[in-house]
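# Per-entry structural report
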There are 2 protein chains.
Amino acid sequence: VEAQDGDAISVLMEPLHPADIADYLEQIDDSARSRLLSVWKGGVDGDVLSELEESLREGVIDGLEPQELASAVRDLETDDVVDLLEDMGAEQQGAVLEALDDADRVAVEQSLSYPEESAGRLMQREVVMAPQHWKVGQAIDFLRNEDDLPDDFYHVVLTDPRMKPVGYVTLGKLLGSRRDTDLSEIVEDSFRTFRVDQDEGDVAYAFNQYHLISAPVVDADERLVGIITIDDAMAVLDEEHEEDILRLAGVGEGSLSDKVIETTKRRFPWLAVNLVTAILASLVIAQFEDVIAQFVALAVLMPIVASMGGNAGTQSLTVAVRAIATKDLTGSNVWRVIRREVLVGLVNGLIFAVVMGVVGVLWFGSPVLGAVIGVAMVVNLVIAGLAGTVIPVALEKLGVDPALASGAFVTTVTDVVGFFAFLGLAAMVLL
Amino acid sequence: VEAQDGDAISVLMEPLHPADIADYLEQIDDSARSRLLSVWKGGVDGDVLSELEESLREGVIDGLEPQELASAVRDLETDDVVDLLEDMGAEQQGAVLEALDDADRVAVEQSLSYPEESAGRLMQREVVMAPQHWKVGQAIDFLRNEDDLPDDFYHVVLTDPRMKPVGYVTLGKLLGSRRDTDLSEIVEDSFRTFRVDQDEGDVAYAFNQYHLISAPVVDADERLVGIITIDDAMAVLDEEHEEDILRLAGVGEGSLSDKVIETTKRRFPWLAVNLVTAILASLVIAQFEDVIAQFVALAVLMPIVASMGGNAGTQSLTVAVRAIATKDLTGSNVWRVIRREVLVGLVNGLIFAVVMGVVGVLWFGSPVLGAVIGVAMVVNLVIAGLAGTVIPVALEKLGVDPALASGAFVTTVTDVVGFFAFLGLAAMVLL
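Residues take numbers from 1 onward in each chain, read along the sequence in its written order. For naming, the first written chain is A and the first written ligand is 1, with later ones following in the order written. This being a predicted model, a pLDDT of at least 70 is required before a residue's local features are given, and a value of 80 or more before pairs of side-chain atoms are given or counted; all residues contribute to the totals for chains, interfaces and linings. Water and hydrogen atoms play no part in the side-chain values, which are based on all heavy atoms of the structure.

This next bit is on the overall build of chain A. A tally of helices and strands in chain A yields 20 helices and six strands. Put simply, the radius of gyration uses C-alpha atoms, and a globule should come to 2.2 Å times the residue count raised to 0.38. In summary, chain A has a C-alpha radius of gyration of 29 Å against a globular reference of 22 Å for 431 residues, an excess of more than 25%. With the C-alpha coordinates aligned to their principal axes, the bounding extent of chain A is approximately 90 × 60 × 35 Å. Taking all 431 residues of chain A together, 56% fall into the buried category. For accessible areas, the Shrake-Rupley method is used with a probe of radius 1.4 Å. Any residue's cover is judged against the shown protein chains and nothing else. Element-wise, carbon and sulfur atoms account for 55% of the exposed surface of chain A, whose accessible area totals about 18100 Å². Note on charges: Lys and Arg go in the positive column, Asp and Glu in the negative column, and His and the chain ends are not counted at all. The atom standing in for a charge is NZ when the residue is Lys, CZ when it is Arg, CG when it is Asp and CD when it is Glu. If the 29 positive side-chain charges of chain A are averaged to one point and the 71 negative ones to another, these points end up 7 Å apart. Helix numbers and strand numbers start at the N terminus; a helix is a DSSP run of H or I with at least 4 residues, a strand a run of E with at least 2. Each residue's exposure class comes from its accessible area (1.4 Å probe, protein chains only) as a fraction of the maximum for that residue type: buried when under 20%, exposed when over 50%, partly exposed otherwise.

This is how it looks when you write it as structure tokens:
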């Protein structure tokens, strides 16, 4: 299909959801994509652009004529326009802004003035609101006569005369109530507002925690300036999870369609940190060269202790990082969690100490070696539980993202402690 | 406050959202919780129970009288009742079911007959529907006269005479249209239905991908049986992420309030697998005891190669597992991704080979040792990129959850390859 020009592609793409078209564009390779886009003129509309991942969006936008881009963008809600503009060069931004209605342009420019990843960037400006003293009938008549309602809205926000939101009414309640009911009688009690400068992660957390569907956004004077809907909050939640999982693995942000060089650059820092960590551990080993030279079995067994500690530490650390992200790990239960992790390390350590003791005896015929590795195992697993919880909690207190930095610290601790405990004990007992 | 009896607690708790009350109950320790609950009679209502994590819910439910439990549960939507019943013993289940209206009981029992973690369990039975031939005015009058509307609903589902859903209308469109408009004129084109037996993870994925707010659920005969709303889908998405992140770390499911014994049991299997892996690696080292005995520097440096490989492998593996979960890694781009990961491993390997070569020379004054560790580093990072992508993809094809099992396989590969490449090369060159 791609080789030939034609409207055939439009016919094929037409029934697809914009999100699926975007996924398809992401999965084909670069040359196929540029051929497809050059043939499929005008096919990429604003919805598809919104769904594309950022690294590709730039390239696709570059390939569009300013008018194509402007017409693609005109039908989007303001939050989606803001999302697109964030990635554009100054020239493209100007072209898009010019294509918008005056009112939309002002709204978009104002949104762009809020910090990145804030509620102000996430919200859409199209809000359906009504004065708090209205009755159901007035609100329904108002909605029926209003031409320019947003595509999706779920609440009517009630405001006081100074535009401060004071509550909201679900459309379901509005439809189910008598026309002479006061709107203030049927407001929802789950009402919450966000401030324009609040972090989008906190917004997503609150949507999930309180089962919100939409929530008004207010500026510093508590005036209503926009509304955030749950689908945007869900997308943020998804992104935050992705960041957490990738940071824990030391991958950084990025996507499957990144090039080799970009990906290498992103992964390099973590590996470099790990190299320093590993060399630190090696320095510990180097202190015991004499013992190892006499008992080579130590060299054979020592990675086991370090590896078990690293794994146990990663377990504790992941639980802690996740619990910090979901606000489940707080000052009131941190000591209980630390105690639990240490006890878990102790119990698992004792079990594996027995196992490794037996292995040591069977393999090397040395009960002493078995005892040494067993004790080192217990020590390292206890330390792993301790470090795996304390380090992320401390980093969080210091304002460092625990998902990003904990891994390196925890494995350093478990490597150093593991090698030191095992080889140090061996030196004391065997020499 | 806790020491004294009284309604003081109710006054304190009253303004809190049920989700916050549940979080508070989760964070205090066991004895404080049971004291609080024994004093705060009747305080825990159905909403709080729904928000509690499963491991605590059982205990709290056990502490309630059957009547308290029944009254707590009566106001919940059917999906929340189902969620609660899943955790109860047969006796409690019976008490709750008896407390429900006949219609609700039948609905709940039917939902329980669907497989766990299916759309059928997730949906609520309270659906607002209308025949497809109705006009806007008829629908509005119907809604106004209906006493028992669900708490939250966002769409009116249109059905054909055989109860098959054929589309839906947003309440916003309903309110904004003239009374004589046909409902079929204002249906949304984003309409999607799910089948009762579909996996809840797929449902959550579709909600996020297609920005759905609610979606009807149909049985095997395509008849409408319920509706899933985005807040439930968001909760599932959150859970699935949590599972992925915990499985990647070998932690298994579980929560912060689990006891030491439960936690130990959950973490033990992964550590046991890791022990086998580590012993395998040790067996490789044991093959080279002679070389190590002569050149103890090898014992000092060998963990560095393995550790770098393990980290690089974890990076590739996390990206692959995440991309499989979001359906971004498919047959059409798997070879491109594998090629990229291998090339990234090669480039990073070459850089670190140079670094380690220099370290080898400076530390041990041996250019040969530097070269050996450099080459081993390149080999191991390339293999790490390959294994980190191929193993999760293969596990997924075999129907095994890649998040759960990939880690052990990948680190086995990088450990074995790392030690073998380094010590094997050293044996060839140095002996």
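For the rest of this paragraph, the subject is the relation of the copies chain A and chain B. Our superposition of the copies is a least-squares fit, built on the C-alpha atoms of residues whose pLDDT is at least 70 in both. Superposition of chain A onto chain B requires a rotation of 180° combined with a translation of 0.0 Å along the rotation axis, giving an RMSD of 0.1 Å. Taken together, the rotation angle and the small translation identify this as a two-fold axis. Every residue pair with non-hydrogen atoms within 4.5 Å of one another is taken to be in contact. A shared binding surface is used by both copies, with 100% of the interface residues of chain A retained as interface residues in chain B.

The next subject is the nonpolar core. By nonpolar core is meant a set of buried Ala, Val, Leu, Ile, Met, Phe, Trp, Tyr and Cys residues that side-chain atoms within 4.5 Å join together. With 77 residues, the main nonpolar core has A:Phe422 and B:Phe422 as its most contacted residues. Excluding anything up to four places from it in sequence, A:Phe422 contacts A:Leu298, A:Leu301, A:Met302, A:Val305, A:Val372, A:Ile373 and A:Ala376. Core analysis: the next-biggest nonpolar cluster, separate from the first, contains 50 residues, A:Ile213, B:Ala19, B:Tyr210 and B:Val236 among them.

This part covers the interface of chain A and chain B. How big an interface is tends to be stated in terms of the accessible area lost upon association of its parts. The partner chain B presents 116 residues to the 116 residues of chain A that form the contact. A quick way to say it: buried area is the sum, across both parts, of accessible area lost when two parts are put together, with a 1.4 Å probe. In total, chain A and chain B occlude about 10000 Å² of area from one another, counting both sides; carbon and sulfur atoms represent 65% of this. Looking at the side of chain A facing chain B, the largest losses of area belong to A:Leu175, A:Met234 and A:Leu256, adding up to 8% of the total buried there. A carboxyl oxygen of Asp or Glu within 4 Å of a side-chain nitrogen of Lys or Arg is what we treat as a salt bridge. Here chain A is connected to chain B by six salt bridges. Between A:Glu341 and B:Arg267 there is a salt bridge, with the nearest N and O atoms lying 2.6 Å from each other. Here a polar contact is recorded for every N or O atom pair within 3.5 Å, except that within protein the pair must consist of a potential hydrogen donor and a potential acceptor, and residues adjacent in sequence are included only if both atoms are side-chain atoms. Our enumeration of links across chain A and chain B arrives at 42 residue pairs in polar contact (both at pLDDT 80 or more). The element contributing the most residues to the side of chain A that touches chain B is helix H17 (residues 297-325) of chain A, with 17 residues. Among the residues making up the side of chain A that touches chain B, the classes are represented as 64 nonpolar, 27 polar and 25 charged. Amino acids are sorted into nonpolar (Ala, Val, Leu, Ile, Met, Phe, Trp, Tyr, Cys and Pro), charged (Asp, Glu, Lys and Arg) and polar (every other residue, Gly among them).

A word on the confidence of the model for chain A. On average, residues of chain A score 87 in pLDDT, and 98% of them reach the 70 mark or higher. A residue's pLDDT is simply how confident the predictor is in it, with values from 0 to 100. Between the elements of chain A, mean pLDDT differs from a low of 72, seen in helix H1 (residues 8-13) of chain A, to a high of 95, seen in strand S4 (residues 194-195) of chain A.

Moving on to unusual backbone geometry. All names here are of chain A. At Met163, a residue that is not glycine, the phi angle is positive and equals roughly 70°. Although it is not a glycine, Glu222 sits at a positive phi angle of roughly 65°. As for its placement among the helices and strands, Glu222 is situated in the loop between strand S5 (214-218) and strand S6 (224-229). A relative accessible area of 41% places Glu222 in the partly exposed class.

In this section: the pattern of salt bridges. Counted under the stated rule, the structure contains 32 salt bridges over all chains. Of the charged contacts, one joins A:Lys135 and A:Asp182 as a salt bridge, the two residues approaching to 2.8 Å between their closest N and O atoms. Remark: A:Asp182 occurs in the loop between helix H12 (171-176) and S4 and A:Lys135 occurs in the loop between strand S1 (129-131) and helix H11 (136-145); sequence separation between them is 47 residues. Exposure remark for A:Lys135: the relative accessible area of 34% places this residue in the partly exposed category. A:Asp182 sits in the partly exposed class, given a relative accessible area of 25%. Across the pair A:Glu188 and A:Lys173 runs a salt bridge whose closest N-O atoms are separated by 3.0 Å. One end of the pair, A:Glu188, is in the loop between H12 and S4; the other, A:Lys173, is in helix H12, with 15 residues separating them in the sequence. Overall, the relative accessible area of 35% leaves A:Lys173 in the partly exposed class. In the salt-bridge network here, residues are joined through shared partners; they are A:Asp238, A:Glu242 and B:Arg322.

Under the domain assignment, chain A is made up of domain 1 (8-113), domain 2 (129-248) and domain 3 (260-430). Domain start and stop positions are those given by an automatic or database domain assignment. Taking only C-alpha atoms into account, the centre of domain 1 of chain A sits 48 Å from that of domain 3 of chain A.

All names here are of chain A. At a minimum axis separation of 8 Å, helix H19 (residues 367-397) and helix H20 (residues 402-430) run at an interaxial angle of 155°. The angle between the axes of H19 and H20 places the two elements in the roughly antiparallel class. Regarding H19 and H20, the two cross each other, and that crossing is right-handed. Here the contact of H19 with H20 is composed, by residue class, of 25 nonpolar, five polar and one charged. For helices, the axis comes from a line fit to the C-alpha atoms of the stretch in contact; other axes are also lines fit to C-alpha atoms, and the angle between any two N-to-C directions lies between 0 and 180 degrees. Any angle between 65 and 115 degrees counts as roughly perpendicular, while under 35 counts as roughly parallel, over 145 as roughly antiparallel, and the rest as oblique. Handedness of a crossing is defined here by the sense of rotation of the near helix relative to the far one, left-handed for an anticlockwise turn of less than a right angle and right-handed for a clockwise turn.

Here a pair means two rings of Phe, Tyr or Trp (six-membered ring of Trp) with centres within 6.5 Å. Their orientation is stacked below 30 degrees between planes, edge-to-face above 60, and tilted elsewhere. Scanning the entire structure with this criterion turns up 13 aromatic pairs over all chains. Both rings, one in A:Phe268 and one in B:Phe352, keep their centres 4.9 Å apart while their planes meet at 15°; by these two values the pair is stacked. A residue pair is termed interchain when its members come from two chains, as with A:Phe268 in helix H15 (residues 260-286) and B:Phe352 in helix H18 (residues 334-364). A residue is classified by how much of its surface remains accessible, and B:Phe352, at 2% relative accessible area, is buried. The rule is short: NZ of Lys or CZ of Arg within 6 Å of the ring centre and within 35 degrees of the ring normal puts a charge over the ring. Between the NZ or CZ atom of A:Arg192 and the centre of the ring of A:Tyr210, over which it lies, the distance is 3.5 Å. In this arrangement the basic side chain of A:Lys327 is found over the ring face of A:Tyr205, its NZ or CZ atom lying 4.4 Å from the centre.

With that settled, the discussion passes to the sheet that holds strand S3 (residues 165-170) of chain B. All names here are of chain B. Strands sit in the order S1-S2-S3 across an open sheet of three strands; the sheet is mixed. Looking at the sheet topology across the chains shown, the edges are occupied by strand S1 (129-131) and S3. Across the sheet, the mean angle separating the axes of adjacent strands is 30° when strand polarity is ignored. Only strands joined by at least two bridges in the DSSP assignment are considered to pair. Sheet topology places strand S2 (residues 155-159) next to S3; five bridges connect them, and they run antiparallel. Bridge pairing in S3 places Thr159 opposite Pro165.

Right, let's talk about the pairing of strand S3 (residues 165-170) of chain A for a bit. Burial analysis of S3(A) places five of its six residues in the buried class, the great majority of the element. Connecting strand S2 (residues 155-159) of chain A to the next strand, S3(A), in antiparallel fashion are five residues, including A:Met163 with a positive phi near 70°.

So, about the sheet that holds S1(A). Residues and elements named next belong to chain A. Across the sheet, which stays open at both edges, the three strands sit in the order S1-S2-S3 with mixed pairing between neighbours. Strand pairing shows two members of the sheet lacking a second neighbour, S1 and S3, which therefore form its edges. Averaged over all neighbouring strand pairs, the angle between strand axes comes to 30°, with direction disregarded.

Moving on, we come to the packing of helix H13 (residues 200-210) of chain A against helix H14 (residues 230-248) of chain A. All names here are of chain A. As a packed pair, H13 and H14 sit with axes 8 Å apart at the nearest point and diverge in direction by 115°. Our classification of the angle between H13 and H14 gives roughly perpendicular. The element H13 and its partner H14 pack so that their crossing is left-handed. Counted together, Glu200, Gly201, Ala204, Phe207 and Asn208 of H13 and Ile230, Ala233, Val236, Leu237, Glu239 and Glu240 of H14 form the full contact between these two elements. Its residues assigned to classes, the contact of H13 with H14 shows six nonpolar, two polar and three charged.

With that settled, the discussion passes to the environment of B:Leu381. All names here are of chain B. With respect to the secondary-structure elements, Leu381 resides in helix H19 (residues 367-397). Along the chain, Leu381 and Phe352 lie 29 residues apart, while their C-alpha atoms are 9.6 Å from each other. Excluding residues within four positions of it along the chain, Leu381 makes contact with Met308, Gly309, Ala312, Gly345, Asn348, Gly349 and Phe352.

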